[in-house]
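Chain by chain, the residues run as shown.
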Amino acid sequence: MIDIKSQIDSKPITRFQLLVIFICFLLNIIDGMDVLVISYTAPVIASSWGISSETLGVVFSSGVIGMAIGALFLAPFADKLGRKKIILISVIIISFGVLLTGFSKNIFHLISLRLLSGIGIGTILASTVSLVSEYTPNRSKDFWVSFVLAGYPLGAIFAGYLSNFILLKYSWQSVYIAFGTLSLIFIPIVYFFLWESIDFLIKRQPVNALSHINKILYKLNFMNIDTLPTHKNQSNQIPVKRLFKKTYIDSTLKLWSAFFFSFACLYFLISWIPKMITEMGLSLELGIYSGTIFNVGAFFGIITQGYFSSRFGLKKIISIFLILTCILMTQIQYFLGSDSMLFVFCILGFTIQGGFVGLYAVAARIYPTEFRTTGVGWSIGAGRLGAVIGPLIGGLLIGAGLTISMNFMIFGITALVSGILTYMISFSKTNS
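Undergrad: Would you take a moment to explain the packing of helix H2 (residues 15–49) against helix H9 (residues 172–184) for this structure?
TA: What describes two packed helices is the angle between their axes and the distance between those same axes. Where H2 contacts H9, the axes come no closer than 9 Å and their chain directions differ by 165°. As summarised for this structure, H2 and H9 are arranged roughly antiparallel, according to the angle between their axes. The element H2 and its partner H9 pack so that their crossing is left-handed. Contact with H2, carried on its side by Ile30, Met33, Asp34, Val37, Ile38, Thr41, Val44, Ile45, Ser48 and Trp49, involves Trp172, Val175, Tyr176, Phe179, Leu182 and Ser183 of H9 and no other residues of that element. Across the contact of H2 with H9, the residue classes tally to 12 nonpolar, three polar and one charged.

Undergrad: What's the story with the packing of aromatic side chains in this structure? I'm lost.
TA: The description of an aromatic ring pair rests on the distance of the ring centres and on the angle between the ring planes. Across all of its chains, the model carries 30 aromatic pairs by this definition. On the basis of an interplanar angle of 90° and a centroid distance of 5.8 Å, the ring pair of tryptophan 172 and tyrosine 176 is categorised as edge-to-face. In this pair, tryptophan 172 and tyrosine 176 both sit in helix H9, four residues apart, roughly one turn of the helix. The residues tryptophan 172 and tyrosine 176 share a single accessibility class, namely buried. Plain terms: the ring middles of phenylalanine 259 and phenylalanine 356 are 6.0 Å apart, the flat faces sit at 90° to each other, and that makes the pair edge-to-face. Pair noted here: phenylalanine 259 is in helix H13 (residues 249–279) and phenylalanine 356 is in helix H16 (residues 340–366), with a separation of 97 residues, a long-range link. Look at phenylalanine 259 and you get buried, because its relative accessible area is 0%. Residue class for phenylalanine 356 comes out buried when judged on its relative accessible area of 5%. Here the aromatic residues Phe22, Phe25, Phe143, Trp144 and Phe147 are joined through ring pairs into a cluster of three or more. One Lys or Arg, lysine 84, reaches over the ring of tyrosine 191 and ends 5.6 Å from the middle of that ring.

Undergrad: I keep staring at the environment of lysine 80 and nothing clicks. Help me out?
TA: Within the element layout of this structure, lysine 80 appears in helix H4 (residues 78–81). A relative accessible area of 33% means that lysine 80 is categorised as partly exposed. Along the backbone, lysine 80 and phenylalanine 371 are 291 residues apart, and their C-alpha atoms lie at a distance of 8.6 Å.

Undergrad: I'm lost on the pattern of salt bridges in this one. Help?
TA: Side chains that differ in charge, positive against negative, can pair when their charged atoms come close. What the rule picks out here adds up to seven salt bridges. Of the charged contacts, one joins arginine 83 and aspartate 79 as a salt bridge, the two residues approaching to 2.7 Å between their closest N and O atoms. Summarising the burial analysis for this pair, arginine 83 and aspartate 79 share the class buried. Aspartate 142 is paired through a salt bridge with arginine 365; the nearest N and O atoms lie 2.8 Å apart. Of this pair, aspartate 142 sits in helix H7 (residues 141–149) while arginine 365 sits in helix H16, and the two are 223 residues apart along the sequence. For the pair shown, aspartate 142 and arginine 365 are each scored as buried.

Criteria and thresholds
- Residues numbered from 1 in each chain as written.
- Predicted model: local features only at pLDDT ≥ 70, side-chain atom pairs only at ≥ 80, totals over all residues.
- Heavy atoms only, no water.
- Axes fitted to C-alpha atoms, helices over the stretch in contact; angles between N-to-C directions.
- Helix = DSSP H or I, 4+ residues; strand = E, 2+ residues; numbered from the N terminus.
- Parallel < 35°, antiparallel > 145°, perpendicular 65-115°, else oblique.
- Left-handed = near helix turned anticlockwise from the far one by under 90°.
- Contact = heavy atoms within 4.5 Å.
- Nonpolar A, V, L, I, M, F, W, Y, C, P; charged D, E, K, R; others polar.
- Phe/Tyr/Trp six-rings, centres within 6.5 Å; stacked < 30°, edge-to-face > 60°.
- Buried < 20%, exposed > 50% of the residue type's maximum accessible area, 1.4 Å probe, protein only.
- Lys NZ or Arg CZ within 6 Å of the ring centre and 35° of its normal.
- Salt bridge = Lys/Arg side-chain N within 4 Å of Asp/Glu carboxyl O.

Read these as geometric descriptors, not functional statements.
Put into structure tokens, the structure is as follows:
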């Protein structure tokens, strides 16, 4: 019996593997678009329906809660049913959630559908990470996982331009109908062109596993196998408890904490950068533009982090990115009030997003195939608490009269803590 993992690690990457990677990259672009569409349409919705800022906050929070639910409770089914099935279900949920938002008649519909869309979004992130990590060679795994997730800020950029274009000529409902229709296109793409993880098929051995494995081996230009390995995973339970076994508990707790502090810092910046720009006396146009600049920096930061991580070590590079974020945020007072702030926000997007996204690759390396998506999903879910708390604390601190530079310094420390925790995580030899 050939060692399929060793073959993947030792041979050049094939067009078939690149197809899997590219589809997952496109899915994350769609993901980013569907997450950020609410941010770009919120002012128009609020004006049209007479919604208060407090109510709009509930709409924003419903999407984040949905992402946490998806990561915690739906994504782990990828370890039981398969990566492809859960990705397909996620795309269906996202597509109809976004499309139907365009037909919302009241605030209850809007909140419910953002919650539904969030469930699909939170699920697809964890599942694509697992699938790509299992199809790529160990030597370049960190780069490809980061590359796929770089689609997310790219989607955020496209969402801004496309939303603005549609809003100039049509209603806010048309934005959701357009985005939902675009997402629907990926349902047949996933069904016909995305293949199940070969690692999953070997370990879980579902019905017709041997036939499916040999079809994949043919596409990989590997030799077929005659029989399946004997180490089938017989458990039908979603293995959340295995995250806390002696082998993994230390890494699990450090990873969850690193995600929490990174999420807190990232969502503080995403939520408050545009408002702080305008409060510094700069134009509203610059405030809106800052979000795009932040995501442009994020895209290049994620790609750069993935490249250097593959060459010099994942934990080391992530830690450097997050520590640089801290240094820049604690020095923000030297840039306040000038147009150079846009450049600073671009660099912040580069460092915080580059470091943050690297944590997904860390999660993929910590956990084995049998519960990899569960490990990634629960790490994201734990981190989402930071996404809720970060902007909330930021608002309280700003309301209490703390200066912008003090706020940046406080949240810069969260990036530093995340970097230190990441460096302290241990990888299992069999998964590194």
